[in-house]
Amino acid sequence: MTIQTDQTNRTAAASQAAQSSRAIQSIQAARISTDRSAYVTRTATQTAVLDRNEPEPRASSSPSGPPGAPEGAGGLDGLDGLDGLDGLDKDFQHQLPGASAVPDPPVPSGPSGPSGSSTPAAPAPAAPAAQPNTAGPQTPDDWAAHLREAAPSAQTAALLGALESKKLSPRGRIDALAVLERHAAWFAARQVHLLADIAAHAESAPPSSERDIDTQLLNNGDYATEEVACALRISNATATERLQIAKELAGQYANTLGLLEGGEICYMQARNLANACRVLEPKAAARVETAMATRMPTQATGQSSRALRRQVIKADPEGYQRRLELRTKEREIVRYPQDDGMITWGATVPADLGARFDQAVDAHATTLVVDGRTLSQRRVDALADLILNRPALPSGSHASSESEAPQGLSRRPTTALVHVTVPLDVLIGVSEDPAELKGYGPITATQARTIAFAEGTIWRRLITHPKTGLLIKTDPATYRPTAEAERHVIARDQQCAFPSCRMPAQRCDLDHVKEFDHDHPESGGKTVPANLIPICRRHHLMKHRGNWTVTRDAVTGITTWVSPTGHIYLNTPRNYAE
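Please read these numbers as outputs of a predicted model, since none were measured by experiment. Residue numbers run consecutively from 1 along every chain, following the written order of its sequence. Only residues with pLDDT of at least 70 are given local features in this predicted model, and only at 80 or more are side-chain atom pairs given and counted; all residues enter the totals for whole chains, interfaces and linings. As a rule here, side-chain values cover all heavy atoms of the structure and leave hydrogens and water aside.

(A) Main features of the overall build of the protein chain. A count of helical and extended segments in the protein chain gives 18 helices and ten strands. Within the protein chain, the proportion of its 578 residues that are buried is 36%. Residues are treated as being in contact if the distance between any of their heavy atoms lies within 4.5 Å. Counted over contacts in the protein chain with a minimum sequence separation of 6, partners at least 24 positions apart contribute 54%. For the protein chain, the computed accessible surface area is about 33,800 Å², with 55% contributed by carbon and sulfur atoms. Put simply, DSSP H or I for four residues or longer makes a helix, DSSP E for two residues or longer makes a strand, and each gets a number counted from the N terminus. Exposure is judged per residue with a 1.4 Å probe applied to protein chains only, and the accessible area is read against the type maximum: over 50% gives exposed, under 20% gives buried, and values in between give partly exposed. Exposure was quantified through the Shrake-Rupley algorithm and a 1.4 Å probe, taking into account, for residues, occlusion by the shown protein chains and nothing else.

Here it is, written out as structure tokens:
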């Protein structure tokens, strides 16, 4: 009897669930239909406002844009008079080679017939070739360069379809690539606004007893997460993070969101700032954002991440030290399975200990025979040798430290050179500003002092300019740099001087900016730090064989690279004062 009752209950529950599902689907279908009608009406009205020469709303039937969308979204008409685009008029599509293939959406030319359809007008004739419009950009390359300088907006986004790769020169393709990247940031900012509103609605939604579909689907944050995850085809964890980041950017970091919307920074930079500042008090977080607002637009993502860590330490050094102590207790071995029978194996440890690990592995790798293995392969083999080939302790021995190991079996620690750049006032305890750990980035003043006063520490004097924060000192004029000059350049730049490269400087070649003249050394480039830069082997070859040119400002230390297409890229050296 109990079984029959359970079966009856399950049948009734299933029937009720099916009815509820059909009811929700019916509501959703009605809402979608209503939303579509409202969208068509709204966008048609917006088109009438934007199209200043056509007071009547114009519904586009162009296959390249959504029904009722502004004509600029599907073709290249209807964009005259839009602010922010110099020289933009409705004849510009005829100035673009091949642009006549873009369909010209029909416009209503009279009252609708019984079926509600309208008679489309013939497309406007092309502008006479003898009278080109010279008010603005004329070619696809011109438009790519023009849009690269324009702030992203709905109007500029409507022009992206004109930047067809086959119609662009190599230089134009680079400009178009930059245009698309800036618009990707603009689109990301628009998503942030939407996600922030979704999160706000989810948190303030009334009780689910109200029967409207929005409340049923988004009556709390969990449901909002599920909806966002399904809509964007991402995991729930990623959706949760996207919602959290959006709330923080829209609510607390308006300046950063503005930079993202203007295409000045990428979403990853904005995301990193929100994540890094989450541990700070609002006032400290505001100081960090202010400091980063002038840096992020000119920095690559990796550079801004390093600068961000430094600013977080400066904003709250005591809090950073407390978090470091807590995280140190969480140190662990990590393993990440990879494809093809491989695994990523390592450890999560304090930065100073990780630097010692790295230097010890490098030092041991240099003792291995060079037999065709790459440096990366030898480093891995050196790690394996250090771990697996330790001298075995005699049976029954339980030595827990080097001091307790039986005589003759103690392994002497591998000599490791750990580079820490620390201001004198930090070293003597007057200031708590961050120091710089080579290979990692900013560390706390306490960490720096611990390393500086550890047994066996070797100090080398590095003199920095008091105003610019750049490393200074120079040396001689032979082809090969002296050991001191080499140390100077490596410490000064720390990484490959090519803007997008992060190869550590100690693994790079030292190259003359102005070529050294072997026949007449006195008239060629000098072998001094001001004329030397570290370049990885790939970019070294590219500099000499790939028609790239490079110059370096001796005062600011900024390296300027000019590509074969004529584009200019800057690489700013490490500023030890920031």
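(B) Looking closely at the packing of aromatic side chains. Ring pairs shown here join Phe, Tyr and Trp side chains whose ring centres sit within 6.5 Å, with only the six-membered ring taken for Trp; geometry is labelled stacked below 30 degrees between planes, edge-to-face above 60, and tilted in between. Considering all chains together, one arrives at five aromatic pairs under this definition. Residues Trp186 and Phe187 carry aromatic rings whose centres are separated by 5.0 Å and whose planes lie at 70° to one another, so their mutual orientation is edge-to-face. Residue Trp186 is classed as buried on the basis of its relative accessible area of 11%. By relative accessible area, Phe187 is classed as partly exposed at 43%. Relative to Trp561, the ring of Phe498 has its centre 4.9 Å away and its plane inclined at 80°; by these criteria the two rings are edge-to-face. Of this pair, Phe498 sits in the loop between helix H17 (483-493) and strand S6 (509-512) while Trp561 sits in strand S9 (residues 559-562), and the two are 63 residues apart along the sequence. Of the two residues, Phe498 and Trp561, neither departs from the other in class, the shared state being buried. Among the aromatic residues, ring-to-ring pairing joins Phe498, Trp548, Trp561 and Tyr569 into one connected group.

(C) Looking closely at the pairing of strand S8 (residues 549-552). What you see with S8 is a clean split: Val550 and Arg552 sit on the buried side and Thr549 and Thr551 on the side with no burial. At least two bridges found by DSSP between two strands are what make those strands a pair. Sheet topology note: the S8/S9 ladder contains four bridges and is antiparallel. Paired with Val550 across the bridge in S9 is Trp561. Linking S8 back to S9 in an antiparallel pair, the connection comprises six residues, with Gly557 at a positive phi of about 80°.

(D) Main features of the sheet that holds strand S5 (residues 441-443). Strand order in the open sheet formed by three strands is S3-S4-S5, and the pairing between neighbours is antiparallel. Since the sheet does not close on itself, it has two edges, and those belong to strand S3 (420-421) and S5, each with one partner.

(E) Region of the structure containing the confidence of the model for the protein chain. As a per-residue measure, pLDDT reflects the predictor's confidence and takes values from 0 up to 100. In this model, the protein chain carries an average pLDDT of 73, and 62% of its residues clear a pLDDT of 70 or more. In this model residues 30-130 is a low-confidence stretch, pLDDT under 50, and it forms 122 contacts with partners more than four residues away in sequence or in other chains. Segment residues 397-416 is flagged for pLDDT under 50; beyond a separation of four residues in sequence, or across chains, it makes 27 contacts in the model.

(F) Here's a closer look at the sheet that holds strand S10 (residues 568-571). Taken in spatial order, the three strands make up an open sheet running S8-S9-S10, and their pairing is antiparallel. This sheet does not close on itself; its edge strands, each paired only once, are S8 and S10. Strand-to-strand twist of the sheet, defined as the mean angle between neighbouring strand axes without regard to direction, takes the value 20°. Only C-alpha atoms enter the line fits that serve as axes; for helices the fit covers just the stretch in contact. Angles between N-to-C directions range over 0 to 180 degrees.

(G) Representation of a nonpolar patch on the surface. Among the surface-exposed residues, Ile333, Ile343, Trp345, Leu383, Ile387 and Leu388 lie close enough to one another that they form a single nonpolar patch of about 580 Å² accessible area. Among the secondary structure elements, those contributing two or more residues to the nonpolar patch are strand S2 (343-348) and helix H14 (375-388). At three residues, the largest contribution of residues to the nonpolar patch is made by H14. Patch membership is restricted to residues that have no salt bridge and whose relative accessible area is over 30%. Joining uses 9 Å for like charges and 5 Å for the nonpolar side chains Val, Leu, Ile, Met, Phe, Trp and Tyr. Throughout this description, the term salt bridge denotes a Lys or Arg side-chain nitrogen within 4 Å of a carboxyl oxygen of Asp or Glu.

(H) Spatial organisation of the packing of helix H7 (residues 236-251) against helix H9 (residues 267-277). Orientation of H7 relative to H9, taken along the N-to-C sense of each, is 80°, at an axis distance of 10 Å. One way to sum up the angle between H7 and H9 is to call them roughly perpendicular. Contacts between H7 and H9 involve Glu241, Arg242, Ile245, Glu248 and Leu249 from the first element and Tyr267, Ala270, Arg271, Ala274 and Asn275 from the second. What sets the label is the angle itself: under 35 degrees gives roughly parallel, over 145 gives roughly antiparallel, 65 to 115 gives roughly perpendicular, and the rest give oblique.

(I) Here's a closer look at helix H8 (residues 254-261). Thr256, Leu257, Leu259 and Leu260 are the residues of H8 that are buried. Axial view of H8: buried residues confined to an arc of 155°, hence all on one face. Across from the buried face of H8, at angles greater than 90 degrees, the exposed residues are Ala254 and Asn255. Where the residues of H8 are buried, they touch helix H4 (170-204), H7, H9 and helix H10 (282-293). Looking one or two residues beyond H8, the residue adopting positive phi is Gly263, at roughly 75°. The directions considered for the arc are those from the helix axis to the C-beta atoms.

(J) Representation of the nonpolar core. Buried Ala, Val, Leu, Ile, Met, Phe, Trp, Tyr and Cys residues that are joined via side-chain atoms within 4.5 Å together make up what is termed a nonpolar core. Within the largest apolar cluster, 35 residues are counted, with the highest numbers of intra-cluster contacts made by Leu260, Leu280 and Val288. Of all the elements in the fold, those that place two or more residues in this core are H4, helix H6 (221-232), H7, H8, H9, H10 and helix H11 (301-315). By residue number, the principal contributor to this core is H4, which donates seven residues. If we skip the residues at most four places from it in the chain, Val288 touches Cys277, Leu280, Leu308, Gln311, Val312 and Ala315. The next biggest cluster of nonpolar side chains, apart from the first, holds 13 residues, and it includes Phe498, Cys508, Ile535 and Cys536.

(K) Inspection of the pattern of salt bridges at higher detail. The full count for this structure, using the stated rule, is 18 salt bridges. For Glu515, the salt bridge goes to Lys543, with nearest N and O atoms at 3.2 Å. Here Glu515 is found in the loop between S6 and strand S7 (532-535), whereas its partner Lys543 is found in helix H18 (residues 537-545), with 28 residues between them in sequence. When salt bridges that share partners are traced, they join Asp358, Asp362, Arg379 and Arg507 into one network.

(L) Summary view of the side chain of Ser304. Relative to the helices and strands, Ser304 is located in helix H11. At 3.4 Å, the side chain of Ser304 forms a polar contact with the side chain of Gln269. Leaving out residues up to four positions away in the same chain, Ser304 has contacts with Gln269, Met292, Met296 and Gln299. Any N or O atom pair separated by 3.5 Å or less is treated as a polar contact, with the protein-specific requirement of one donor-capable and one acceptor-capable atom, and with residues adjacent in sequence counted only for side-chain atom pairs.

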